[in-house]
Amino acid sequence: MKIDFSFSREERLKNFTAIRSLFTSGRALNHYPFRIIWLPLEGVQSVFPVQVAISVPRKKFPRAVDRNRIKRLIREAYRLHKHELYQALAGETQCYAIMIMYVDKSLPVYAAVEPQISKALNRLGKKIVAASAPNDSDGKV
RNA sequence: GCUGUAAAAAACACUAUCGCGGCUCCGAAAGGAGAUGAGGAAAGUCCGGACAACACAGAGCACCACACCAUCUAACGGAUGGGCUGCAGUCUGGGAACGGCCUGCAGACAGCAAGUGUCACAGAAAACAGACUUCCGGCCACAAGCCGGUAAAGGUGAAAACGUGCGGUAAGAGCGCACGCGCUGGUAUGGCAACAUAUCUUCGGACAAACCUUGUGGGUUGAAAUGCCAUGUACAUUCUGAGUCCCGCUUGCGGGAGCCGGGCUGCUCGUUCGGUGAGCUUGAAUCGUCAGAAGGGGUAGGCAGAUAGAGCCAUUCAGUGAUGAAUGGCCUAGAUAGAUGAUAGUAUUUCCCUUUUGGGAAAAACAGAAUCCGGCUUAUUUUUUACAGCUAUU
RNA sequence: GCCAAUGUAGCUCAGGGGCAGAGCACUUCCAUGGUAAGGAAGGGGUCAUGGGUUCAAUUCCCAUCAUUGGCU
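Calculation criteria
Residues numbered from 1 in each chain as written. Chains lettered and ligands numbered in written order. Predicted model: local features only at pLDDT ≥ 70, side-chain atom pairs only at ≥ 80, totals over all residues. Heavy atoms only, no water. Helix = DSSP H or I, 4+ residues; strand = E, 2+ residues; numbered from the N terminus. Contact = heavy atoms within 4.5 Å. Core = buried A, V, L, I, M, F, W, Y, C linked by side-chain atoms within 4.5 Å. Buried < 20%, exposed > 50% of the residue type's maximum accessible area, 1.4 Å probe, protein only. Expected span 1.5 Å × (residues − 1). Bend = angle between axes of the 7 residues up to and from the residue.

Colleague: Summarise the overall build of chain A; cite the residues concerned and give the values.
Modeller: Along its length, chain A carries 3 helices and 4 strands. Listing the helices and strands of chain A from first to last along the sequence gives α-β-β-β-α-β-α. Long-range contacts, defined as pairs at least 24 residues apart, comprise 83% of the intrachain contacts of chain A with a sequence gap of at least 6.

Colleague: Tell me about the nonpolar core, and please be specific about residues and values.
Modeller: Core analysis: the biggest nonpolar cluster contains 27 residues, and V50, Y78, I98, I100 and L124 have the highest contact counts within it. Non-local contacts of V50, meaning those with residues more than four positions away in its chain, are made with E11, Y78, L85, Y86, L89, C95, Y96 and I98. L13, A18, A53 and C95 belong to the second-largest nonpolar core, a separate cluster that totals 11 residues.

Colleague: Residues and numbers for the environment of K119, please.
Modeller: Considering the arrangement of structural elements, one finds K119 in helix α3 (residues 110-132). For the pair K119 and R67, spaced 52 residues apart in the sequence, the C-alpha separation amounts to 23 Å.

Colleague: Could you give an account of helix α2 (residues 64-88), naming the residues involved and the relevant values?
Modeller: For α2, built from 25 residues, the straight-helix expectation of 36 Å at 1.5 Å per residue is met to within 8% by its first-to-last C-alpha distance of 35 Å. The largest bend in α2 comes to about 50°, at H81.

This is the structure:
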């Protein structure tokens, strides 16, 4: 099977209410220099198992150039490694919302970002499977 | 060679793989192909417009902005040219006060001769003047003291009531004269004008980035404006009612009464909430707002605004110039949880090592469109040109 | 995106042209067996930054920087 490296609009998290509930009742995973929060989405039918959003805090990077740079690097790394997460979630029926936040204070380089994203996505996949496997009925938070 | 000012140019190119945005083409669809995709400041939001909506007939007051003149411009607080003033430098005129030519830099540059106000400390006195020490006269034998005159000298201060010289006088004083500085009004000449020159005349502290006066301009709100489709408690249409008055000061708020509607209540009283108007007044209007009635009955999406424009490039002409006109060519981001990225290589540039070949490193500084334009301001890398200053060598 | 306000001592704030202040905090001394409270004395300032107006600027004007708030 050929691996799809594309990153289309359906894979991005855009719904305002979903983002709000993600911040109020989402589960967190810290993998320095990232913080990932995730939540199962109810009633969303999609061909993709996750919808992702990327965030960089304005207080740590006041210039828009730096924020755009970091978001593009994270998005590029996610695009090349998302198939690892998709394989881990192949057995899931629900769609998940994920937000990746950058918490370091210094500007990163791509060579350092890529392996960290890969490790973080592998950890996230195992954690989601472990959380939903025992009690599929009351998995809501 | 260095520093400063001004002007101009550039801000990285190509190939491959993977990927993103909108566009065009092919395709029933999935998808595929093609060309294309951040800036000089995209920034600050400091000005000016376009565009849109809304109580814009008109008048007065208030408020805000601007302020030498002319021109440019859609418009401007912007730009260009000119005038005037100040500062610095070279040269120079005069006995002095003070001036002239040239060069460079700077200037929020209408009016204190409309009115009001302020000028600390020091000083005798700080703005219809004024007598501390001097100076002069009188009273007095003289001195001291008292009375009067005087603004020349002293000292204080940021500033002492035009400056120099001569006359004049008891001593003095723009008191008078000549020259000089500033300044009001008139006349003549030159200039579109600001203004300049000559002459007559009035006057002689500063401050309007003090209140203010004069002149000119300004309705308010901003694309999260606004319109359409779908949806439909949120929207628009129709009808009805309210839309009034008083007080206070901190002057744009507060309080009270009345009226309309809702909540509490079976009803009244009462209580509470909302409304009772663009800065104000007058006038016109009854369009905004609030409440009720009628109509429609479950998702917050899509399209337009919104990217061909006061557009860009080249040439010629007009103008000192900003700029304008003509001709020819070009199409050059349009997202909406927000695209423009990653990896590898080549070329180029810079730096380092090396005799060369070659090897290694870096791709930079400021910084990311959000309705669109014209400016201003701020941040910042490199190169070139012109001018000014300094230093060294020939 | 649009619109306002504020920057003064370590902290919270006055002062709005003429020598920069208050409260708390800090230092030293007194007092107490000792500490706190109390009393006395003292130190500490680029008045956010840069220009301008004025004889004189924290104050008036302009620009910049930073912070905070509001509209949605």
